[in-house]
Amino acid sequence: MASAAWAVLRVLLLLPTQTWSPVGAGNPRDCDAPLASALPRSSFSSSSELSSSHGPGFSRLNRRDGAGGWTPLVSNKYQWLQIDLGERMEITAVATQGGYGSSDWVTSYLLMFSDGGRNWKQYRREESIWGFPGNINADSVVHYRLQPPFEARFLRFLPLAWNPRGRIGMRIEVYGCAYSAGLNDGQWHSVSLSAKWSHVSVVVDDDRAVQPLVAALIDSGDTYYFGGCLDNSSGSGCKSPLGGFQGCLRLITIGDKAVDPISVQQGALGNFRDLQIDSCGITDRCLPSYCEHGGECSQSWDTFSCDCLGTGYTGETCHSSLYERSCEAHKHRGNPSGLYYIDADGSGPLGPFLVYCNMTADAAWTVVRHGGPDAVTVRGAPSGRPRSAASFAYSAGTGQLQAAVGLAESCEQRLALRCGTARRPDLRDGTPLSWWVGRTNETHTYWGGSLPDAQKCTCGLEGNCIDSQYYCNCDAGRNERTSDTIVFSQKEHLPVTQIVMMGGGRPHSEAAYTLGPLLCRGDKSFWNSASFNTETSYLHFPAFHGELTADVCFFFKTTVSSGVFMENLGITDFIRLELRAPTEVTFSFDVGNGPCEVTVQSPTPFNDNRWHHVRAERNVKGASLQVDQLPGKMQPAPADGHVRLQLNSQLFIGGTATRQRGFLGCIRSLQLNGVALDLEERATVTPGVEPGCVGHCSSYGHLCRNEGKCREKRRGVACDCAFSAYDGPFCSNEISAYFGTGSSMTYNFQEHYTLSENSSSLVSSLHRDVTLTREMITLSFRTTRTPSLLLYVSSFYEEYLSVILANNGSLQIRYKLDRHQNPDAFNFDFKNMADGHLHQVKINREEAVVMVEVNQSAKKQVILSSGTEFNAVKSLILGKFLEAADTDPDTRRAAASGFTGCLSAVRFGRAAPLKAALRPSGPSRVTVRGHVAPMTRCAAGAASGSPARELVPRLAGGSGRSGPADEGEPLVNADRRDSAVIGGVIAVVIFILLCITAIAVRIYQQRKLRKENESKVSKKEEC
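Described in the following lines is the structure provided in the data block. (Residues numbered from 1 in each chain as written. Predicted model: local features only at pLDDT ≥ 70, side-chain atom pairs only at ≥ 80, totals over all residues. Heavy atoms only, no water.)

### Looking at the sheet that holds strand 55 (residues 858-863)
In any sheet, the strands associate via hydrogen bonds between backbone groups, in a parallel or an antiparallel arrangement. In space, the 7 strands of this open sheet follow the order 55-54-53-48-57-46-59, with antiparallel pairing throughout. Strands at the two margins of the open sheet, each flanked by one partner only, are strand 55 and strand 59 (932-935). On average, each strand axis in the sheet is inclined to that of its neighbour by 25°, with strand direction left out of account. (Pairing = 2+ DSSP bridges. Helix = DSSP H or I, 4+ residues; strand = E, 2+ residues; numbered from the N terminus. Axes fitted to C-alpha atoms, helices over the stretch in contact; angles between N-to-C directions.)

### Considering the side chain of Asp590
Among the structural elements, Asp590 can be located in strand 35 (residues 584-590). This buried residue, Asp590, is left without a salt bridge; Arg618 holds the nearest opposite charge, at 9.0 Å. Engagement of the side chain of Asp590 in a polar contact is seen with the backbone nitrogen of Gly592, the distance being 2.7 Å. Among all residues touching Asp590, those that are not within four sequence positions of it are Thr572, Asp573, Phe574, Pro595 and Leu645. (Buried < 20%, exposed > 50% of the residue type's maximum accessible area, 1.4 Å probe, protein only. Lys, Arg positive; Asp, Glu negative; His and termini not counted. Salt bridge = Lys/Arg side-chain N within 4 Å of Asp/Glu carboxyl O. Polar contact = N/O pair within 3.5 Å; in protein donor to acceptor, adjacent residues only side chain to side chain. Contact = heavy atoms within 4.5 Å.)

### Some details on helix 9 (residues 889-897)
Restricting attention to buried positions, one finds in helix 9 the residues Thr891, Ala894 and Ala895. The buried side chains of helix 9 occupy one side of the element, clustering within an arc of 100° when seen end-on. On its buried side, helix 9 packs onto strand 49 (788-795), strand 50 (800-805) and strand 51 (811-816). The N-terminus of helix 9 is capped by Asp888, whose side-chain oxygen sits 3.3 Å from the backbone nitrogen of Asp890. A positive backbone phi angle near 75° is found at Gly898, which sits one or two residues after helix 9. (Arc of directions from axis to C-beta.)

### A closer look at the sheet that holds strand 56 (residues 873-879)
Spatial ordering of the open sheet is given by 52-51-50-49-56-47-58, a layout of 7 strands whose pairing is antiparallel. Of all the strands in the sheet, just strand 52 (824-828) and strand 58 (926-929) have a single pairing partner and so form its edges. Between one strand axis and the next, the sheet turns through 10° on average, direction left out of account. With respect to the sheet, helix 9 is in contact with strand 49, strand 50 and strand 51, its orientation differing from that of strand 50 by roughly 65°.

### Description of the packing of aromatic side chains
Scanning the entire structure with this criterion turns up 25 aromatic pairs. Among the aromatic residues, ring-to-ring pairing joins Tyr109, Phe113, Tyr123, Phe132, Tyr144, Phe150 and Phe157 into one connected group. Over the ring of Phe304 we find Lys621; its NZ or CZ atom is 4.8 Å from the centre of that ring. In this structure, Arg910 is placed above the aromatic ring of Phe723, and the distance from its NZ or CZ to the ring centre is 4.1 Å. (Phe/Tyr/Trp six-rings, centres within 6.5 Å; stacked < 30°, edge-to-face > 60°. Lys NZ or Arg CZ within 6 Å of the ring centre and 35° of its normal.)

### As for the side chain of Gln122
Mapped onto the fold, Gln122 is located in strand 5 (residues 121-122). Separated by 3.2 Å, the side chains of Gln122 and Tyr341 make a polar contact.

### Considerations on the nonpolar core
Ranked by internal contacts, the top residues of the largest apolar core, which has 47 residues, are Leu791, Leu801 and Leu811. Contacts of Leu791, omitting those with residues within four sequence positions, involve Ile777, Leu779, Leu801, Ser802, Val803, Leu876, Ile877, Leu878 and Val906. Ranked by size, the runner-up nonpolar core spans 41 residues in total, among them Ile342, Met359, Val368 and Met501. (Core = buried A, V, L, I, M, F, W, Y, C linked by side-chain atoms within 4.5 Å.)

### Concerning the state of the cysteines
A disulfide bridge is the covalent bond that connects two cysteines by way of their sulfur atoms. For the structure shown, the criterion picks out 10 disulfides. The disulfide bridge from Cys666 ends at Cys693, spanning 2.0 Å between sulfur atoms. Looking along the S-S bond of the Cys666-Cys693 disulfide, the torsion reads about 75°, which is the right-handed sense. Here Cys666 is found in strand 41 (residues 665-672), whereas its partner Cys693 is found in the loop between strand 43 (689-691) and helix 7 (697-700), with 27 residues between them in sequence. Here Cys704 engages in a disulfide with Cys719; their sulfurs sit 2.0 Å apart. Across the S-S bond of Cys704 and Cys719 the torsion is about -85°, and the bridge reads as left-handed. Here Cys704 is found in the loop between helix 7 and strand 44 (709-713), whereas its partner Cys719 is found in strand 45 (residues 716-720), with 15 residues between them in sequence. (Disulfide = S-S within 2.5 Å.)

### Some details on the environment of Leu155
Secondary-structure assignment places Leu155 in strand 7 (residues 142-162). It is 9.8 Å that separates the C-alpha atoms of Leu155 and Phe44, two residues lying 111 residues apart in sequence. If sequence neighbours within four positions are ignored, Leu155 has contacts with Leu81, Gln82, Ile83, Leu85, Ile91, Leu111, Met112, Phe113, Trp120, Phe150 and Val174.

See below:
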């Protein structure tokens, strides 16, 4: 019996670092069990519900009770469905379904998780912010396996997109198993083994497992190995695929006999190597933990490491944030409007949180929604009693909101108030009947853009309230509907967290209000900069306190070859960042272990007068340096060396304490451990340094796309899209339109002049400004109709250009640059382009040489023979037109057929006809006939030829609006004279028909009356 037990004991002690699980060897642990289906309804919660039968408790997968799933009251991107699993579980997969038998399903969603239900983290797919793919109908199930899995108690599903013809609808399931912790937790664990015949029993702490062995007795021999095998023990049968055990063993017993380690140390029993006998010398390198922001610490015998998964941070100690500080920073990375994480204090203690970034032409707006009611109705109550007290919670914590508001240039929050009789007119003693609570729980009685404690709405300040006796429209107490739009803009008080309204003694009064999201504009730290004009100039700040972790990040631009960006000295310690050579940035420091340097070299010079981004970090594990997108450099810290950086002098920016090797150029957006330094404020009082820095387009001009021009601003850049076929903050938003059957759009280059046949010299004088020897043409289209006219440009000289799709769907181009010659006709047989897919065409003519590019890949060059000048250009036509008598037969057929489908990004030289029609900014040059409807993107609609209502989603808002971009409305302003004429004719016809009907009714009534009279007369005669 003893020999069998000893054999088993020896094998197990060679595997001490594996995670214990009471599952037999060879049977992998099943971790795909459904976890949500057995939970009670109380375990499910949500942001709102459409009705009691649409509550979160009905959201379990494949269930049909209630309304067959969860649906929120309002379908928007700020709703969520939450599950409480009851305890921490390992999550390996999720599945979603739509609402049973409905048109309600979610097509994309985010997955959040939490241990306590308060601080939430997003499960990121390859560090992406984008969501999981959802459903395409109501009843099919979409599974998503999580790689890697994670551990959590609470899960939240946040819908991002849903069926446009329905609402948000979800049924869900979560798969996983109970979470098992490992044995390598630095705690003492007991292990007991016993073997009898063909079974072995193992007990680890309180977990027991029994495993059958081979049907034979095991003889262990006389030698036992603890902690590992000797190097020369291959002949002894001691084998292990793992490394030696690192840790401590005590109370070792074999059979009924205790093993005395002192006897081993004295040589009386066995031998040992590299051991500390009768003491446990293991060092807990995770107490205290140097892992920041919730990173999990683990250790080996001589070092520790941090697991940053799910924290939102990265680096050796999880110090550096993965996310930008603000929407302004996201915008200048070229990111469009959308949901983003921001980390307002960078590497500071506050975590990242999710916001909507609305990128407009002149600003980046941060939109933070609240989870309070969308609308609050307030009914009358006795005087002095509360009529309504609504609270508003936000997706970010108080500290996060304070940091985001502090960064912003300005913030605002709108309150829309609609009321009947709001309060008694005779309450004039100054006692406020309503107030609101701000971010810091302070009560405020002012309203709108007024000053604190003024107790006035905006109309009271402007003096235009409906009753001059009162300072708010709703205070007038009239028996009619009135409204106030109130804008809170004192950003130190925002956001609003509670609104309270008291009764004024009018029991039948009623009001309703809606509180909008918190809107914050820009990031004042992102463009905060200083210009250093002499080598001896510098800015100084208090000493930098970054004892265990110090990170520095900033932008710089210069034309000189070297200079010190920053320096801070201690008695012996120091930290310094400098441009050491035109292609080298160096980070050097000393924490008592001797000077250390990290250098990043660039293949191109840094002194190119463009902005370059530097990020340096030093922590107990080592130092790192990153410049732009170049490969980062790291330097590990010496083992068991000094770890604290102790600085006591002033921090010098742009120079050194010795006033040598100073920096010439600009530094901006300087942050130390997530704290932004106000360079501009300090520069205003410092000789040789000026606040601000000009010249941003050299660095950010590439963000302006599609022929957009970069324009300098005092704080940043703006993209001028005046001569682009696109719009938006980066001139990257398509301007697209759906053309119905028979519709057309005509863009006039110049007014038409009536000229005689012999007035060619006059024609040349009038139209020489639009005689072209070169032009660039771009357009994108999607259609299934042939033949189709994509574009036609006419001339007063009977010259023209036509771009058509032939009957077989091939692209054809006709150039006629001499009215006395036949047109040059070119057929490009790339493929059938009337296939319902989006295609891009680019035509570039330089005199007689024409280069055609299709779908950014296929290219073809042709030579014109009809001429090199396009004279007296008259108009550009999209769609159908009938004045094509002087064109070739193929162009006439295409013109008669017109175009049905989607056109976008149409440009001829500087002319953008779709933009002129749908985004007018001056006198209209465009005439629209028939049904032409704006679209968001050609690639986003249904197949060409389908009904317009399926092809025309709501347009995004104008570029200058604040708030979410998806709250805009269509912008259409074109000359629709034909539609007006048709409408007038229809009105006249309807009027005539109504007149005829009235006359007919009158005649019928007169005839009926005559017959009745005649009948009465005949009856009298008979009597």
